[in-house]
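# Examining the three-dimensional arrangement
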Amino acid sequence: MNVTDAIASRISTRAFLDKPVAEKTVREILEVAARAPSGGNLQPWKVYALAGAARDDLVARVKRAIAENPFAKESEFAIYPEKLWEPYRTRRFEVGEAMYQRLGIPRDDKPARLAHLMRNFDFFGAPVGLFFTLDRRFDKGQWAHLGMFMQTIALIVQERGLATCMQEAWQTRAKTVSGFLGLCEDEQLYCGMALGYANLDAPVNATRSDRADVDEFAIFKGFKE
Ligand SMILES: Cc1cc2nc3c(=O)[nH]c(=O)nc-3n(C[C@H](O)[C@H](O)[C@H](O)COP(=O)(O)O)c2cc1C
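Just so it is clear, the model here is predicted, and its values are computed rather than measured.

One way to put it is that helix α4 (residues 88–103) packs onto helix α5 (residues 110–118) with a least axis distance of 12 Å and a crossing angle of 100°. When the axis of α4 is compared with that of α5, the two are roughly perpendicular. Only Arg113, His116 and Leu117 of α5 make contact with α4, whose side of the interface consists of Glu97, Met99, Tyr100 and Leu103.

Here it is, written out as structure tokens:
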């Protein structure tokens, strides 16, 4: 699989098979992904990889925390600006609607939509959960570098026939996750990532998101041809 194919075929997988992924596989993926660039070669990322009992314990702990306090505000930052503007508002709306359509969940079925959202907190059934953290003292540059690292992981995973879903949803339970992982004061949770084998029979995995045309986001100047 070449890089273009990996980019084109990667999707956010939201249903996984109950098939384990070996530590060796995760290590190899991380080893390759560590070639991702970062300003000054700081390599500012840290990754926690959970499987088996560690994964299940976290899932159970977060489930309990949600049951005890469904409206807890644990996020350390706003995942989106409070009021999204165009064209971002419509893009977000459309990708959500496309997914719920695949799942056969209408807009007014709030409990079913919420139940699907809650699947985030079981890694959508994936056997491995990754968490990405940064030192709080880092600024926007290092956050961007962490993003590059995460996308590099997603592409390598794709090449190896496995699948991912990046999960900022865990940010809404940042305190619980950070406590579970034993993060020190200086360490901040950014995002989770579900990792495993895609359930190709699950309708949700047939969702294909759109992208804007290049002319909507790129400005070309000075080219001769
Ligand atoms: C940093 C990041 C965090 C994300 N968090 C979530 C999440 O918590 N739950 C989820 O279902 N999808 C999440 N997504 C998936 C996006 O919704 C998805 O990438 C986007 O709609 C485009 O679809 P695609 O990944 O299938 O191409 C996240 C994506 C990124 C890049």
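So that's the structure; there's more coming.
Another aspect to go through is a nonpolar patch on the surface. A cluster of nonpolar side chains, namely Val214, Phe217, Phe220 and Phe223, defines an oily patch on the protein surface of about 480 Å² accessible area. Position of Phe223 among the secondary structure elements: in the segment after α8 (214–217).

This part covers the sheet that holds strand β2 (residues 128–135). If you trace the four strands from one edge of the open sheet to the other, you get β1-β2-β4-β3, paired in antiparallel fashion. Both edges of this open sheet fall to β1 (46–51) and β3 (163–167), since each of them pairs with a single strand only. Averaged over all neighbouring strand pairs, the angle between strand axes comes to 25°, with direction disregarded. In terms of strand pairing, β3 meets strand β4 (residues 187–196) through five bridges, oriented antiparallel. Note on β4: the bridge partner recorded for Ala163 is Gly196.

What counts, and where the lines are drawn
Residues numbered from 1 in each chain as written. Predicted model: local features only at pLDDT ≥ 70, side-chain atom pairs only at ≥ 80, totals over all residues. Heavy atoms only, no water. Axes fitted to C-alpha atoms, helices over the stretch in contact; angles between N-to-C directions. Helix = DSSP H or I, 4+ residues; strand = E, 2+ residues; numbered from the N terminus. Parallel < 35°, antiparallel > 145°, perpendicular 65-115°, else oblique. Contact = heavy atoms within 4.5 Å. Patch = residues over 30% accessible without salt bridge, like charges linked within 9 Å, V, L, I, M, F, W, Y side chains within 5 Å. Areas by Shrake-Rupley, 256 points an atom, 1.4 Å probe, with all protein chains shown as cover. Salt bridge = Lys/Arg side-chain N within 4 Å of Asp/Glu carboxyl O. Pairing = 2+ DSSP bridges.

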